[in-house]
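Okay, here's what each chain looks like letter by letter:
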Amino acid sequence: MTTLVHLSDLHFGGLADIRAVEAVEELLPALRPTAIIVSGDFAQRARAGEFQRGRAFLRAASRIAPVHAVAGNHDVQWWREPLGIPLLGRARLAKYRRYVADEVSPALSVDGAVICGAASAHGLAWGSMTWNPRDLTVKGHLPKAELARAAAEFASRNGGGALKVLVVHHNVLRGRISGRWGLARPLAALHAIAASGADVVCCGHDHEEGIGTIELDGRRVIVSTAGTLSTRGRAHRPPSFNLLRATPTVVRVEIHGLDRGSAKFQLIEGRDFAR
Ligand SMILES: [Fe+2]
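Before going further, it helps to examine the coordination of the iron ion. Taken together, Asp-41 (OD), Asn-73 (OD1), His-169 (NE2) and His-205 (ND1) make up the full set of protein donors to the iron ion, lying 2.1 to 2.2 Å away. Classification of the site at the iron ion rests on its 4 donor atoms, whose angles at the metal span 87 to 166°, yielding the label irregular. As a motif over one chain, the donors of the iron ion read D-x31-N-x95-H-x35-H. Residue His-169 is located in the loop between β6 (163-167) and α5 (186-195), and its partner His-205 is located in the loop between β7 (200-203) and β8 (210-216); the two are separated by 36 residues in the primary sequence. Residue class for His-205 comes out buried when judged on its relative accessible area of 14%.

Pairing within the open sheet is mixed, and its 6 strands lie in the order β4-β5-β6-β7-β9-β8. On the outer flanks of this sheet lie β4 (107-110) and β8, each paired with one strand and no other. Sheet twist, expressed as the mean angle between neighbouring strand axes with direction ignored, is 20°. Examined bridge by bridge, β7 and strand β9 (residues 219-225) share 4 bridges and lie parallel to one another. Pairing of Val-200 across the sheet is with Ile-222, part of β9. Packed onto the sheet, helix α4 (residues 144-157) meets β4, β5 (113-117) and β6 and runs at close to 165° relative to β5. The strands touched by α5 are β6, β7, β8 and β9; relative to β8, the strand with the most contacts, the crossing angle is about 85°.

This structure, assessed with the given rule, holds 4 aromatic pairs. Ring geometry for Phe-51 against Tyr-96: centres 6.3 Å apart, planes inclined by 80°, an arrangement best described as edge-to-face. Of this pair, Phe-51 sits in helix α2 (residues 48-62) while Tyr-96 sits in helix α3 (residues 94-99); the two residues are 45 residues apart in sequence, bridging distant segments of the chain. Here Phe-51 matches Tyr-96 in class, with each residue buried. For the pair Phe-241 and Phe-265, a centre-to-centre distance of 5.0 Å together with 70° between the ring planes defines the contact as edge-to-face. Of this pair, Phe-241 sits in strand β10 (residues 240-246) while Phe-265 sits in strand β12 (residues 264-274); the two residues are 24 residues apart in sequence, bridging distant segments of the chain. By relative accessible area, Phe-241 is classed as buried at 1%. Owing to a relative accessible area of 14%, Phe-265 belongs among the buried residues under this scheme. In this structure an aromatic cluster arises from ring pairing among Phe-42, Phe-51 and Tyr-96.

This paragraph deals with the environment of Arg-252. Tracing the backbone through its elements, the reader meets Arg-252 in strand β11 (residues 250-259). By relative accessible area, Arg-252 is classed as partly exposed at 23%. With 10 residues separating them in the primary sequence, Arg-252 and Ser-262 have C-alpha atoms 26 Å apart. If we skip the residues at most four places from it in the chain, Arg-252 touches Leu-243, Leu-244, Arg-245, Leu-267, Gly-270, Arg-271 and Asp-272. Engagement of the side chain of Arg-252 in a polar contact is seen with the side chain of Glu-254, the distance being 2.7 Å. In terms of polar contacts, Arg-252 uses its side chain to reach the side chain of Asp-272, at 3.2 Å.

Thresholds applied
- The written sequence of each chain sets the order in which its residues are numbered from 1.
- Whole-chain, interface and lining totals are the exception, using all residues; otherwise, since this is a predicted model, local features are given only for residues with pLDDT of at least 70 and side-chain atom pairs are given and counted only at 80 or more.
- To get the side-chain values, take all heavy atoms of the structure and skip hydrogens and water.
- With water excluded from the atoms, a metal site may look incomplete; its donors are any N, O or S atoms within 2.8 Å, or within 3.2 Å for Na, K and Ca.
- Metal sites are grouped by the angles between bound donors: all angles between 85 and 135 degrees with four donors is tetrahedral, opposite donors over 155 degrees apart with the others between 65 and 115 is square planar for four donors and octahedral for six, and any other pattern is irregular.
- Starting at the N terminus, helices and strands are each numbered in turn, a helix being any DSSP run of H or I of at least four residues and a strand any DSSP run of E of at least two.
- Relative accessible area decides the class of each residue, using a 1.4 Å probe on protein chains only: under 20% of the type maximum gives buried, over 50% gives exposed, and in between gives partly exposed.
- Pairing between strands is defined by DSSP: at least two bridges between the two strands are required.
- Lines fitted to C-alpha atoms define the axes here, with helix axes fitted over just the stretch in contact, and angles between the N-to-C directions of these axes take values from 0 to 180 degrees.
- Any two residues whose heavy atoms approach within 4.5 Å at even a single point are treated as in contact.
- Ring geometry is summarised as follows: Phe, Tyr and Trp rings, the Trp one being its six-membered ring, pair when their centres sit within 6.5 Å, and such pairs are stacked at plane angles under 30 degrees, edge-to-face over 60 and tilted between the two.
- Contacts described as polar in this section are N or O atom pairs within 3.5 Å, which, within protein, must combine one atom able to donate a hydrogen with one able to accept it, while residues neighboring in sequence count only if both atoms come from side chains.

Have a look at this one:
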């Protein structure tokens, strides 16, 4: 069995729910993960101290299992490179690369799974623009080159029928509470995700956990949307993380939420999908 722990939106700094983070850190060894996926937003304001706590979290996690991380919109210093124009001498992900991960869209092969990131957080960028001013620097987009690279990784690394897991920061399905899509031009993004060959998408950003599917173009892609480990759960939802367990015949996705009284995680919801 392949076990993937999927976390998102830690928002180190003032917003992190440090009891929830510590509860995850304590629980991780018992989950016996094959890999640990963090779908972005380590920081709140892309500050060095926020990233340094993110780095400490990843270093501890990597002693338990290989970690796979992508950057979220809060990890991007978009003001350094608005619209792709370098203004302040350092690229918008330089600090993320320095502290969190060299690779912004890594690919990782583990027992039973190929995990590939696709960068969706680009700051102030033409591809993420909508007519709504509040979307500026918040929404994401998936450039064609990102999904083409993911598709190539899935094709070349997929010996033995491994589960193909695409990791992006922004929620690819519309938030049930927020009513908001994470990506600009979401329908085109969903078609492109279906065409990438991914079996599962791991995403976050909306601070509302969920289990869903994309069913398009004759393909079904399972969507694991992780909630947040910060104090900013949508509609005051408790901190949560997702757990994926794959056998050759079934993919099970579970949501585990923090019980604030005991500071322990409890199963909230689980769904099984035939492979
Ligand atoms: Fe985000």
